[in-house]
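Geometric and topological summary
Chain residues, written in single-letter form:
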Amino acid sequence: FIRTRATIKSLAFQEQDRALSACATSALWSSFHGSSLLDVDKVSAPSRITENAKKIIPQYQLNHPHRGLTPAQMASSVREDGLDPLLCNFINTSYLKALMRAYLSVGVTPVLGMSLHYADESGFLENGISKAVPIGNHAVAVTGYHISTTLPIPSFKTDDIPTILNKTYQRDIYLKSSAIDKIYVHDDEIGPFAKMEFLNEYWQHIKTRWYMYRNTVEEINATVKDILLPKPHKIRISFNTVFSIIREFNSLYMKSWYDRGCRIVWDIYLTTVNDFKKEISLRDKVYFNSEMHKIDILTLNLPRYLWRVDGYMINGSDNNNLNSINFTLLFDATDIENSDIFICGIHYDLLSRIDIFLSVLNPLSELNAQKISKFSQSLRIAKEYSDLLAQKIIY
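Now for a description of the structure that goes with this document. Note that the structure is predicted; figures quoted are calculated from it, not measured. (Residues numbered from 1 in each chain as written. Predicted model: local features only at pLDDT ≥ 70, side-chain atom pairs only at ≥ 80, totals over all residues. Heavy atoms only, no water.)

1. Some details on the packing of helix α2 (residues 46-53) against helix α3 (residues 71-80)
Orientation of α2 relative to α3, taken along the N-to-C sense of each, is 115°, at an axis distance of 7 Å. The handedness of the crossing between α2 and α3 is right-handed. Residues Ile49, Asn52 and Ala53 of α2 lie in contact with α3, whose contacting residues are Gln73, Ser76, Ser77 and Glu80. In the contact of α2 with α3, the residues fall into two nonpolar, four polar and one charged. (Axes fitted to C-alpha atoms, helices over the stretch in contact; angles between N-to-C directions. Helix = DSSP H or I, 4+ residues; strand = E, 2+ residues; numbered from the N terminus. Left-handed = near helix turned anticlockwise from the far one by under 90°. Contact = heavy atoms within 4.5 Å. Nonpolar A, V, L, I, M, F, W, Y, C, P; charged D, E, K, R; others polar.)

Given below as structure tokens:
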């Protein structure tokens, strides 16, 4: 008999105990364990996470918030464990999917605060309570997602997101993250990889497996309310900042691409300089104009954290045919909001480089009529492309 030891990389499961930690504490504990940004051996115990949340509770309230945590209390626990909390309200499903894609890629494990309710809200329960009344609040840690390769990518819903763009110039934008059809979460009532499915790109409800746990045929959906992102302190630029830049750039400078029947699908996510350069080093030389082209990219002086925006040029309406990246725009994720965070553009084929160069040569009178600020990041990117003297940063 030979004894062997098997090691499986996975996520630990933690149940709430109703005495020291409710679902919010369990979700935070799982988020810390699922994060690649923390040393697992140094993650606080559930009781300590709840104690950390107590630090912002007034003295006249409960000594130990064992019944649950508010978003502000959860943020306090995140800060005490060495990360920087970013709290976001739910805007729409498109935005939620984009956040999941953007931050999970760098090891940030989001925590979702939600309310649970019956899928069929008509009628009454046996105890006479209306089924339209929410069942209760819940919190889960998002551990992953699934991107569909068969369903068409819907346009990103931007109605609720402010912009300086005049409606005349606004153009539909497509993000790869919109192809996410389900997420996987650590749910302390079900398991570490519970599946939650999006019912509609423009609807707030998400299908859960809670009805199986409750042994009922009544399906239970979740409505997302709050999104907590426990991120490193060094990541100072938010997703919303980069998305706003790409939204402007897509509307103002991609006209010639759309006129030819092409469509740009954008992929916005965080990465590290090590992961980015590792990918470049593994790419075949056919993606580069020369060996020096590849070396130039690998020797770029880059910050530790990057916002990476990949552009896919799609012909026709088949926007799921994302075979290869045409170009990448890099932004400094460690800079401050009012700085020039654009670093450079990298092209993997000569055609896309020429196409973007030609497309940004729109008359400045159009931009003046649009009243685009001279500090607009999208305008700065366009000027880098249109100024021949700046071609040195376009690889």
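2. Topic: the environment of Leu83
The residue Leu83 is located in the loop between α3 and β1 (84-89) in this model. Considered as a pair, Leu83 and Leu37 are 46 residues apart in the sequence and their alpha carbons are 8.5 Å apart. Every residue in contact with Leu83, bar those within four places of it in the chain, is listed here: Leu37, Leu38, Val78, Pro230, Lys231, Pro232 and His233.

3. Quick look at the pattern of salt bridges
Summed over the entire model, instances satisfying the criterion amount to seven salt bridges. Measuring nitrogen to oxygen at the nearest pair gives 3.5 Å for the salt bridge that ties Lys182 to Asp181. Asp181 shares its class with Lys182; the two are buried. With a closest N to O distance of 3.4 Å, Arg283 and Glu279 form a salt bridge. Here Glu279 falls in the partly exposed class, since its relative accessible area comes to 28%. Via salt bridges that share partners, Glu279, Arg283, Arg308 and Asp310 belong to a single interconnected network. (Salt bridge = Lys/Arg side-chain N within 4 Å of Asp/Glu carboxyl O. Buried < 20%, exposed > 50% of the residue type's maximum accessible area, 1.4 Å probe, protein only.)

4. Some details on the pairing of strand β9 (residues 262-272)
Along β9, 10 of the 11 residues are buried, which leaves the element largely enclosed by surrounding structure. With 11 bridges joining them, β9 and strand β10 (residues 305-315) adopt antiparallel strand pairing. Paired with Tyr269 across the two strands is Arg308, which belongs to β10. (Pairing = 2+ DSSP bridges.)

5. Thoughts on the packing of helix α1 (residues 23-34) against α2
Look at α1 against α2: their axes get within 9 Å of each other, and the N-to-C directions meet at 110°. Comparing the axis directions of α1 and α2 gives the class roughly perpendicular. The chirality of how α1 crosses α2 is right-handed. Judged by residue contacts, Thr25, Leu28, Trp29 and Phe32 of α1 engage Pro46, Ile49 and Thr50 from α2. Tallied by class, residues from the contact of α1 with α2 come to five nonpolar, two polar and no charged. (Parallel < 35°, antiparallel > 145°, perpendicular 65-115°, else oblique.)

Fair warning: the whole summary comes from geometry, so function is off the table for now.
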